[in-house]
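Residue-level structural notes
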Amino acid sequence: MGLTGLMLAGFVFTHMAGNLIIIFKGADAYNLYGHSITSNPLYPLIGPGLLGIFIIHILTAISLSLENRKSRASKYIAGATNGEKAVPVASRTMVYSGTILLAFLISHLITFKYGTHYSTLVGDIEVRDLARLFFEVFTSPIYVVGYLISLIAVGLHLKHGFAAAFQSLGFWHPRYTPVLKCLAALYGIVVALGFMSQPLYAFFIYKQ
């Protein structure tokens with residue numbers, strides 16, 4: 001679960017950073033970026049590969065969750081018991097944030113990957129006009145608000161998951177654990193804010 005989690009975390013960060021092109025470089029650069037991905041000879045393998053990693057991650061999460069429930073003599077009623085430290089919110093809500101993340105991913109794919117296909121020319125190259133779709137989608141206040149709320153859950157999930165992945169792989173020690181936790185928190189915040197900046201830019205700043 002830790003290994004697949006780190007793979008997905010790397011993909012999410014790359015995807016977020018790539019999407020920022022529309023803010024800093026403009027529509028044509030964004031469309032060329034999308035075209036460079038879909039025209040890559042390896043592109044047909046990326047989707048199935050990511051899907052396989054995602055399925056393994058989900059199945060492992062379900063399996064571990066069931067094992068944890070069985071191993072507990074009783075459920076925690078609230079917070080810490082018997083002198084134990086309180087479990088962080090991000091940790092206690094991993095199942096819920098993961099479910100929201102899954103729903104968000106499905107909605108995201110339906111809206112963008114399989115959404116309306118516009119074409120445009122950038123120079124003499126015909127490409128899919130993802131920028132047009134991007135700005136159309138984020139003119140809807142309801143979609144923008146839902147997107148932002150979902151990203152809060154995504155950030156929490158990534159924050160805990162990033163740190164837990166290293167723990168499950170054995171990279172855990174009193175000396176550098178605090179550093180890993182800080183990096184995990186920073187990672188979750190950067191990814192969430194990076195994605196949030198895109199609908200906010202489209203809705204409040206961008207003018208055609």
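Scroll up for the structure.
A short tour of the structure in this document, coming up. Owing to the predicted nature of the structure, the values given are computational and were not obtained by experimental measurement.

So, how was this worked out
Residues numbered from 1 in each chain as written. Predicted model: local features only at pLDDT ≥ 70, side-chain atom pairs only at ≥ 80, totals over all residues. Heavy atoms only, no water. Helix = DSSP H or I, 4+ residues; strand = E, 2+ residues; numbered from the N terminus. Contact = heavy atoms within 4.5 Å. Phe/Tyr/Trp six-rings, centres within 6.5 Å; stacked < 30°, edge-to-face > 60°. Buried < 20%, exposed > 50% of the residue type's maximum accessible area, 1.4 Å probe, protein only. Expected span 1.5 Å × (residues − 1). Arc of directions from axis to C-beta. Core = buried A, V, L, I, M, F, W, Y, C linked by side-chain atoms within 4.5 Å.

Bringing the side chain of Ser150 into the picture now. Tracing the sequence through the fold places Ser150 in helix α8 (residues 141–168). When residues no more than four places from it in sequence are discounted, the contact partners of Ser150 are Ile100 and Phe104.

Attention shifts here to the packing of aromatic side chains. For any pair of aromatic rings, geometry is given as the distance between the ring centres together with the angle between the planes. A full pass over the atoms with the stated rule returns 15 aromatic pairs. Judged by centre distance (5.1 Å) and plane angle (65 degrees), the rings of Phe104 and Tyr147 are edge-to-face. Of this pair, Phe104 sits in helix α6 (residues 94–113) while Tyr147 sits in helix α8, and the two are 43 residues apart along the sequence. Of the two residues, Phe104 and Tyr147, neither departs from the other in class, the shared state being buried. Ring pairs connect the aromatic residues Tyr30, Phe104, Phe112, Phe134, Phe135, Phe138, Tyr143, Tyr147, Tyr201 and Tyr206, which therefore count as one cluster.

Here helix α3 (residues 27–38) spans 17 Å end to end across twelve residues, near enough to the 16 Å set by a 1.5 Å rise per residue. Restricting attention to buried positions, one finds in α3 the residues Tyr30, Asn31 and Gly34. End-on, the buried residues of α3 take up no more than an arc of 95 degrees, which puts them together on one face. Considering only its buried residues, α3 is in contact with α1 (2–19), α2 (21–24), β1 (119–122), β2 (125–128) and α7 (130–137).

All right, on to the side chain of Asn31 then. For Asn31, the position within the fold is in helix α3. Take Asn31: its relative accessible area is 2%, and that puts it in the buried class. Apart from the residues within four sequence positions on either side, Asn31 is in contact with Thr120, Val122, Val127, Arg128, Asp129, Leu130 and Ala131.

It is worth spelling out the nonpolar core at this point. Judged by nonpolar contacts, the single largest core of 33 residues is most densely connected at Phe134, Phe135, Phe138 and Leu151. Listed by contribution, the elements that provide at least two residues to this core are α1, α6, α7, α8 and α9 (177–205). No other element matches the eight residues that α8 contributes to this core. For Leu151, the contacting residues outside a window of four places in its chain are Phe104, Ala192, Phe195 and Met196.

On to the environment of Gly5, then. Within the secondary structure, Gly5 sits in helix α1. Taking the relative accessible area as the measure of exposure, Gly5 reaches 18% and is therefore buried. The spacing of Gly5 and His57 is 52 residues in sequence and 6.7 Å in space, taken between C-alpha atoms.

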